[in-house]
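An overview of the molecular structure
Here is how the chains run, residue by residue.
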Amino acid sequence: MVKGIEDKLGDRRPFEPSPPYAIEAREVNIAYGSRRAVLDVTLKVPERTIVALIGPSGCGKSTLLRSINRMNDFVTGAKISGEILFRGQNIYEPEADPVLIRRQIGMVFQKPNPFPTSIRKNITWGPKINGFQGNYDDLVETSLRRAALWDEVAGKLDESGLALSGGQQQRLCIARAIAMDPDVILMDEPCSALDPSSTLKIENLLLELKDRFTIIIVTHNMQQARRVSDYTAFMYQGELIEYGPTDEVFETPRQELTRDYVSGRFG
Amino acid sequence: MSESDLTQGTASISSSKIREATAQYKQVRMHPVQWRPRRARRKIAGVLFLLFTLAATLLGVAALVLLLESVISQGWSRLSWDFLNNFPSRIASRAGIKAALVGSIYLTGLVAVIAIPFGVGAAVYLEEFAADTKWRRVIDINIANLAGVPSIVYGMLGLMLFVRICAFGHSLLAGACTMSLLILPVIIVTSREALKTVPNGVRLAALGLGATKWQTVRAHVLPTAMPGILTGVILSLSRAVGETAPLLMIGALSYMAFVPESPMDDFTVLPIQIFNWSSRPQDEFRVAAAAGILVLLGILLTVNSCAIFMRMRYQRKMQW
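Residues numbered from 1 in each chain as written. Chains lettered and ligands numbered in written order. Predicted model: local features only at pLDDT ≥ 70, side-chain atom pairs only at ≥ 80, totals over all residues.

1. Quick word on the confidence of the model for chain B
Residue and element names in this part refer to chain B. With 92% of its residues at a pLDDT of at least 70, chain B reaches an overall mean of 85. Contacts from residues 1-11, a stretch scored under 50 in pLDDT, to residues over four places away or in other chains number 9 contacts. In the model output, the complex is listed with pTM 0.80 alongside ipTM 0.87. (pLDDT = per-residue confidence, 0-100. Contact = placed C-beta atoms within 7 Å.)

2. Some details on the nonpolar core
Counting 83 residues, the largest nonpolar core has A:Ile23, A:Leu53, A:Ala175, A:Leu186, A:Ile215, A:Ile216 and A:Ala233 as the members making the most contacts within it. Ranked by residues supplied to this core, first place goes to helix 6 (residues 166-179) of chain A with 7 residues. Excluding anything up to four places from it in sequence, A:Ala233 contacts A:Leu43, A:Val51, A:Leu53, A:Leu240 and A:Tyr243. Among the nonpolar cores identified, the runner-up in size contains 65 residues, and B:Leu107, B:Ala115, B:Leu172 and B:Ala288 belong to it. (Core = buried A, V, L, I, M, F, W, Y, C linked by C-beta atoms within 7 Å. Buried ≥ 20, exposed ≤ 12 C-beta atoms within 10 Å, placed from the backbone. Helix = DSSP H or I, 4+ residues; strand = E, 2+ residues; numbered from the N terminus.)

3. Here's the deal with the domain arrangement of chain B
Residue and element names in this part refer to chain B. The domain architecture assigned to chain B consists of domain 1 (15-78) and domain 2 (79-317). A C-alpha centroid distance of 38 Å is found between domain 1 and domain 2. With 6 residues of domain 1 in contact, the opposing surface of domain 2 contributes 8 residues. Broken down by class, the residue content of the side of domain 1 that touches domain 2 amounts to 3 nonpolar, 2 polar and 1 charged. (Domains from an automatic or database assignment. Nonpolar A, V, L, I, M, F, W, Y, C, P; charged D, E, K, R; others polar.)

4. Description of the pairing of strand 8 (residues 214-218) of chain A
Along a regular strand, successive side chains alternate from one face of the sheet to the other. Residue and element names in this part refer to chain A. Burial analysis of strand 8 places 5 of its 5 residues in the buried class, the great majority of the element. Of the two faces of strand 8, the one holding Thr214, Ile216 and Val218 and the one holding Ile215 and Ile217 are both buried throughout. Both strand 3 (residues 50-54) and strand 8 contribute to a ladder of 4 bridges, which runs parallel. Its bridge partner being in strand 8, Leu53 is matched across the sheet by Val218. In this structure, strand 7 (residues 184-188) lies alongside strand 8, joined through 5 bridges in parallel fashion. For Asp188, the partnering residue across the bridge sits in strand 8 and is Val218. At this point the chain moves from strand 7, through helix 7 (residues 196-209), to the parallel strand 8, and the crossover so formed is right-handed. (Pairing = 2+ DSSP bridges. Right-handed = clockwise from strand over helix to strand, strands pointing away.)

5. Comments concerning the interface of chain A and chain B
Opposite the 27 residues of chain A that make contact, chain B presents 22 residues. The set of elements that each furnish at least two residues to the side of chain A that touches chain B consists of helix 2 (98-104), strand 6 (105-108) and helix 3 (119-129) of chain A. The element best represented in the side of chain A that touches chain B is helix 2 of chain A, accounting for 4 residues. Per-class residue counts for the side of chain A that touches chain B are 13 nonpolar, 9 polar and 5 charged.

6. Some points on unusual backbone geometry
Residue and element names in this part refer to chain A. That bond from Pro19 to Pro20 is cis: its omega, 0°, falls within 30 degrees of zero. Looking at where Pro20 falls in the secondary structure, it is placed in the segment before strand 1 (21-32). In this model, Arg48 sits at a positive phi of 50°, which is unusual for a non-glycine residue. Mapping Arg48 onto the fold places it in the loop between strand 2 (35-46) and strand 3. One non-glycine residue, Glu189, lies in positive phi territory at about 45°. On the secondary structure map, Glu189 appears in the loop between strand 7 and helix 7. With 21 C-beta atoms packed within 10 Å, Glu189 lands in the buried category.

7. Quick look at the packing of helix 12 (residues 270-278) of chain B against helix 13 (residues 283-317) of chain B
Residue and element names in this part refer to chain B. With their axes 8 Å apart at the nearest point, helix 12 and helix 13 run at an angle of 160° to one another. Classed by the angle they form, the pair helix 12 and helix 13 counts as roughly antiparallel. Classified by chirality, the crossing of helix 13 by helix 12 is left-handed. Each of Leu270, Pro271, Gln273, Ile274, Trp277 and Ser278 in helix 12 lies in contact with helix 13, whose residues at this interface are Phe285, Arg286, Ala288, Ala289, Gly292, Ile293, Val295 and Leu296. Of the residues contributing to the contact of helix 12 with helix 13, the split by class is 10 nonpolar, 3 polar and 1 charged. (Axes fitted to C-alpha atoms, helices over the stretch in contact; angles between N-to-C directions. Parallel < 35°, antiparallel > 145°, perpendicular 65-115°, else oblique. Left-handed = near helix turned anticlockwise from the far one by under 90°.)

8. Digging into the confidence of the model for chain A
Parts of the prediction with low pLDDT should not have their coordinates interpreted in detail. Residue-level pLDDT values for chain A average 89, and 96% of them are 70 or greater. Across chain A, element-level confidence peaks in strand 8 of chain A with a mean pLDDT of 95 and bottoms out in helix 7 of chain A with 89.

9. A look at helix 7 (residues 151-165) of chain B
Residue and element names in this part refer to chain B. When the terminal C-alpha atoms of helix 7 are compared, their 20 Å separation across 15 residues agrees well with the 21 Å that a helix rising 1.5 Å per residue should span. When the local axis directions of helix 7 are compared, the greatest deviation, roughly 35°, occurs at Gly158. Residues of helix 7 that are buried: Tyr154, Gly155, Gly158, Phe162 and Val163. Where helix 7 is buried, its residues touch helix 8 (172-196) and helix 11 (245-250). Immediately beyond the C-terminal end of helix 7, within one or two residues, lies Ala167, with a positive phi of roughly 60°. (Expected span 1.5 Å × (residues − 1). Bend = angle between axes of the 7 residues up to and from the residue.)

The structure is reproduced here in structure tokens:
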């Protein structure tokens, strides 16, 4: 517990959404060397919902997100303790295969990062290396349609993904993640590099995708969290301060700290 | 208004504060004493710098023109099919460079086969796989230092390691191994620099799709870094074509009347042949040396053009 927060906190009973859960974090601690980035976070993410992680810069929300598909493995010095269950299986147990986990838990990054190759290959590469046996043309079309990008790129599938605008690139990255047919999609501030109209498109897209996927989204934009998410988790200095249905977190927060943050008093 | 107010974003900017700031700004504008643009001086500095860089370029070009001029004027008339197709001879007019030319080509080919996989492999390991530990940093510094070790030292190492311990003898293989050692550090350093320029987002994107590290490197990182890697590889191969000292050290022949047929055969290379001819007293051999230099330059030009061509193809394949 960080000094100074303790006395401010009121009711901290953990919020229990209704099962089944896609992701369940149990007392997760993550540290980079001696710097502790995530402290004792316990969080349940129900299937086919959108969960927003909010909080000021450096509060550990991106670190927590990256730990859910073991992308933190690539950060030097990152150490994790506790359990993260994906469909009841701890993804940090020794037998767990991080490659398989990342195949089932996709990720969309803050900065659009298409591969420097054609739009088509951007979509097909992931399925190809994972042994997809179906029809690749159909896969490309359905993925792009679901990412609301098909109409804009249908005629130029063999052109470079990098020739697209920033918003289109990010939707291409979402299409690339969808093409793997993952169970969960993690999004790390997917709209922070985009203009308002692209942001709106992606937000609408998220609401569509909820039917099929569980989405966990880190965002700095509280209006965005409010518009798209079913549940919101507020983190501060590595701790999960409050987690609950989005309306409750924004309208009637249990913690003073949450209230101050969502009302824009700091952050 | 404290600094934390600013960073936390709670400060409210009232219109009186805006007015205050505007007034301050105007005050600064009204005291030109605080600004000394010295535009004339800056412009002169700019022109001087331009002249310096131009002079540096011209110096290099001039040296090259001088070299080419003297070599071409001496050696051009000596170039002929016979010159390329004859073995060296005591009689200057009959002397040719067949053995050296073939030796150089074989040596370069063998060096490429040995040095490229090991060099690029080491670079990929150090850049993509190795954890950032104390040991890796020690290795880093040592590799950079090895690139600066004089070539004769590699010759001595090659003599001991390949000629004696591995018992390759004074063979083409021993020469190729020695040359590979010589250029390995350069290939490693340049390949690592090329790998460093690959945006990290590309790696994360691939790994996030459930690719293994090897698939990520193979399909995205290496192709993206390939133009840079090729540049380093070709520059170091050119160096291998031109090096003489380490091969003299391991005992490459300076007179050879046959063409090496297997990697275990004796060999000679163009620079050795040129050195040999230019140290003879007769003028005719000097002319032969000049012609030999032309052939060597021709090979270097060919190798470099290949590199540029391949680099362009790779750059076009990457759709940046």
